[in-house]
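# Architecture and fold: a report
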Protein chains: 2
Amino acid sequence: MSDVLDRPTAGATSTLDLALRIVEFLAYQSGPTTLAAIATEFGASKATVHRHLRGLASRGFVRQDAATGRYDVGVKLMVLGEACRSRFDIVTTARPELIQLRDETGQAVTICALVDGDVVVLELTQGRTVIEFATRPGTKLALHASAHGKIWLAFGPAALLDAVRQAPLPAWTPETITDPQTLERDVAKVRERGWSTAPDEVISGVNTIAAPVYDHQGRLVASIAIVGAKQFIPADPADAQVEAVVGTARRISRALGWRE
Amino acid sequence: MSDVLDRPTAGATSTLDLALRIVEFLAYQSGPTTLAAIATEFGASKATVHRHLRGLASRGFVRQDAATGRYDVGVKLMVLGEACRSRFDIVTTARPELIQLRDETGQAVTICALVDGDVVVLELTQGRTVIEFATRPGTKLALHASAHGKIWLAFGPAALLDAVRQAPLPAWTPETITDPQTLERDVAKVRERGWSTAPDEVISGVNTIAAPVYDHQGRLVASIAIVGAKQFIPADPADAQVEAVVGTARRISRALGWRE
DNA sequence: CATGTCGTTTCAAATAGTGAAACGCTGTTT
DNA sequence: AAACAGCGTTTCACTATTTGAAACGACATG
């Protein structure tokens, strides 16, 4: 899923914005990337990209592979990410509750937030069975195709649903909802019952149960979920599993100052 | 320790460079910071800082506290840091060995790298006793006052030792080496025996034993260390402890393709 | 009420950034 | 071996962006 979204942003300077998008693009590549490919991706000249890469490299955000000349993300992102990790209430406040949810259900537990228009995995607590894809921290999840995404469509800013309405809904698996009206009905159901599920929609054979986390002002600030194979989390989930997720989400919300 | 180093960097554009330094500065603050304080810190105008903050905020690298108007680091750093974590061989390759070292010695274990001129903690494996300060990932360590720093002075680029020679050596504790000639002798000793120690130099009552990690080209790419109270790691460390650290560093180096 | 400091905005002036084009290098193809 | 393609790097005339002094309204403080 490419994130090279050249969308206009209020007050952003084009020079800085391009540089930030370049470093983010590199962070999501699987290996070093040629400067020419970066230039093509962003529709910028090689000279401009080269200048940005030098600037980013001088501060450690980017590095150049000496053998191939290709560019890669630098360690500074990881370092700064660690340096500021404790600054995010959601993650530190939620962690004990998420570990308890994992212990109670045995499934992998994830917490997501809306970051720059995307629903992103902030932290993963591994379950008995290891699920890597789509749960690794940093991963962006499709709004229409994931349980987390549906929570955000149901309880998040209205602009999210508006944006999804206007875009095609790509299929990740044969079960992914791609019809806008089916998605609207599903989102309405999520809103009604307070939790979401997405059996087979991201990965075949895998299901997720997600619930919303609110802050002291009643705003959706995160979503949490258990993730596991369908044999452990059936398409029609057990009440106990749903209650475990919803209950944990409520406790985290209360810890953040939320009042029902 | 302020890192607002306005040092000239080859090929860096000043606009981008200032913005990167601002986000890094925010990452190391303990809470939201006023725009005016940021402007003062970097000697830039409030209008310029405002523009950069808006640009950084539009991509999630910075956020503004709605109640106070102050600026804080955004979750995007943490997210991207996680997204690219697996891309750093050193950390993933070293992890099993570091866990084993921790199990063998019982002490906290850290791995550091040189990032943008600083020795920075990349990862921490907690020991039996918890030591937080100066070992949290993202923390920058003084070259002259830490065991990790001395490894880099002894085995890293000569420019590091040159830079330290030209700067005053601030004292962190009464035991910190502040005399340049004493430091040179200490670094020479580190080079000779292949490991370093720094009892009481960073924190009183705490000691560290560090050793170098080389890559397939024989370059220093990281340093690893055990950290603990002096009652567990005496100023004159036990041979077994030294051998455990040095041995682990060698195994990690070999895993990275190093040949003695 | 006066004062100080904040974040935000404006816009003339200044400066930085842009990108077409060229270059040398390297790997691939013929 | 020669030709070709694509790479990263550099140049510099031109363009566009960025800069920052100044002003503003909001808010906290004395």
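About the cut-offs
Residues numbered from 1 in each chain as written. Chains lettered and ligands numbered in written order. Predicted model: local features only at pLDDT ≥ 70, side-chain atom pairs only at ≥ 80, totals over all residues. Heavy atoms only, no water. Contact = heavy atoms within 4.5 Å. Buried area = accessible area lost by both parts, 1.4 Å probe. Salt bridge = Lys/Arg side-chain N within 4 Å of Asp/Glu carboxyl O. Helix = DSSP H or I, 4+ residues; strand = E, 2+ residues; numbered from the N terminus. Nonpolar A, V, L, I, M, F, W, Y, C, P; charged D, E, K, R; others polar. UniProt positions renumbered as here; feature names shortened; annotations may be inferred. Buried < 20%, exposed > 50% of the residue type's maximum accessible area, 1.4 Å probe, protein only. Domains from an automatic or database assignment. Least-squares fit on C-alpha atoms with pLDDT ≥ 70 in both.

Tallying the contact residues gives 55 residues for chain A and 55 residues for chain B. In total, chain A and chain B occlude about 5000 Å² of area from one another, counting both sides; carbon and sulfur atoms represent 64% of this. On the chain A side of the interface with chain B, the three residues burying the most area are A:Arg59, A:Met78 and A:Arg87, jointly 17% of the side's total. Applying the counting rule to chain A against chain B returns 12 salt bridges. Of all the secondary structure elements, the ones that give two or more residues to the side of chain A that touches chain B are helix H1 (14-27), helix H3 (46-58), strand E2 (71-73), helix H4 (76-84) and strand E4 (118-125) of chain A. Class assignment of the residues belonging to the side of chain A that touches chain B gives a composition of 27 nonpolar, 13 polar and 15 charged.

Let's shift gears to the UniProt feature "domain: HTH iclR-type" (unreviewed entry) in chain A. According to UniProt, the "domain: HTH iclR-type" (unreviewed entry) feature falls on residues 13-75 of chain A. Helix makes up 56% of residues 13-75 of chain A and strand 10%, whereas the separation of the span's terminal C-alpha atoms amounts to 25 Å.

Our focus in this paragraph is unusual backbone geometry. Where the residue is not glycine, phi is negative for most of them; where a peptide bond is considered, it is trans in most cases. Residue and element names in this part refer to chain A. Look at Asp200: it is not a glycine, yet its phi comes out positive at around 65 degrees. Inspection of the secondary structure puts Asp200 in the loop between strand E6 (196-197) and strand E7 (206-214). Given the relative accessible area of 11%, Asp200 is considered buried.

By a widespread convention, an interface's size corresponds to the accessible area lost as its parts come together. Splitting chain A by domain gives domain 1 (14-81) and domain 2 (88-255). Summarising the inter-unit geometry, the C-alpha centres of domain 1 of chain A and domain 2 of chain A are found 31 Å apart.

Let's shift gears to the relation of the copies chain A and chain B. Once turned by 180 degrees and shifted 0.0 Å along the axis, chain A lies on chain B with an RMSD of 0.1 Å. In symmetry terms, the pair is related by a two-fold rotation axis. No C-alpha of chain A approaches the rotation axis more nearly than that of A:Gly81, which lies at 2.5 Å. Most of the interface of chain A is mirrored in chain B, where 100% of its interface residues are also at the interface.

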